[in-house]
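Here is what each chain is made of, one letter per residue.
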Amino acid sequence: MVLVYLLQSGAEIESGVLLSAGGPVYDFDLRHIRMRASTERTVLIERWLDITDRWQTTPFSSEIADLHLT
């Protein structure tokens, strides 16, 4: 898998896209959760979508296309 991008989309959320071996493309959100003050954060996959059939319409389509070609 190749991480195409990972962006901070909020105080506790990161959004990204992964390109898997063989071509599947996944869009996901990670949520950082702190159970109590001064503890380590837990990261949960909040959203995981297979966008293989529509990645060409995403804002990062050129980056995904570049990785598909390599």
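Residues numbered from 1 in each chain as written. Predicted model: local features only at pLDDT ≥ 70, side-chain atom pairs only at ≥ 80, totals over all residues. Heavy atoms only, no water.

Caption draft 1: Highlighting a nonpolar patch on the surface. Residues Met-1, Ile-45 and Trp-48 make up a contiguous nonpolar surface patch of roughly 360 Å² in combined accessible area. With respect to the helices and strands, the residue Ile-45 is situated in strand β4 (residues 41-50). Ile-45 sits in the exposed class, given a relative accessible area of 56%. (Patch = residues over 30% accessible without salt bridge, like charges linked within 9 Å, V, L, I, M, F, W, Y side chains within 5 Å. Areas by Shrake-Rupley, 256 points an atom, 1.4 Å probe, with all protein chains shown as cover. Salt bridge = Lys/Arg side-chain N within 4 Å of Asp/Glu carboxyl O. Helix = DSSP H or I, 4+ residues; strand = E, 2+ residues; numbered from the N terminus. Buried < 20%, exposed > 50% of the residue type's maximum accessible area, 1.4 Å probe, protein only.)

Caption draft 2: Structural context of the pairing of strand β3 (residues 25-34). Where burial is concerned, most of β3 is hidden: seven out of the 10 residues are buried. Bridge count for strand β2 (residues 13-19) against β3 is seven bridges, and the pairing is antiparallel. In the strand pairing of β3, Leu-18 is matched with Tyr-26. Counting the residues between successive antiparallel strands, the hairpin from β2 to β3 contains five residues, one of them, Gly-22, with a positive phi of roughly 95°. (Pairing = 2+ DSSP bridges.)

Caption draft 3: Fine view of the sheet that holds strand β1 (residues 2-8). With antiparallel pairing, the four strands of this open sheet are ordered in space as β1-β2-β3-β4. Edge positions in the sheet fall to β1 and β4, since each has one partner strand and no second. Shown here is a sheet whose adjacent strand axes are inclined to one another by a mean of 25°, direction ignored. When β1 meets β2, the two strands line up antiparallel, connected through six bridges. Of the residues in β2, the one forming a bridge with Leu-3 is Leu-18. (Axes fitted to C-alpha atoms, helices over the stretch in contact; angles between N-to-C directions.)

Caption draft 4: Quick peek at the environment of Glu-12. Turning to its location among the elements, Glu-12 is positioned in the loop between β1 and β2. Taking the relative accessible area as the measure of exposure, Glu-12 reaches 40% and is therefore partly exposed. For the pair Glu-12 and His-32, spaced 20 residues apart in sequence, the C-alpha separation works out to 5.0 Å. Each residue touching Glu-12, except ones within four places of it in the same chain, is listed here: Leu-30, Arg-31 and His-32. (Contact = heavy atoms within 4.5 Å.)

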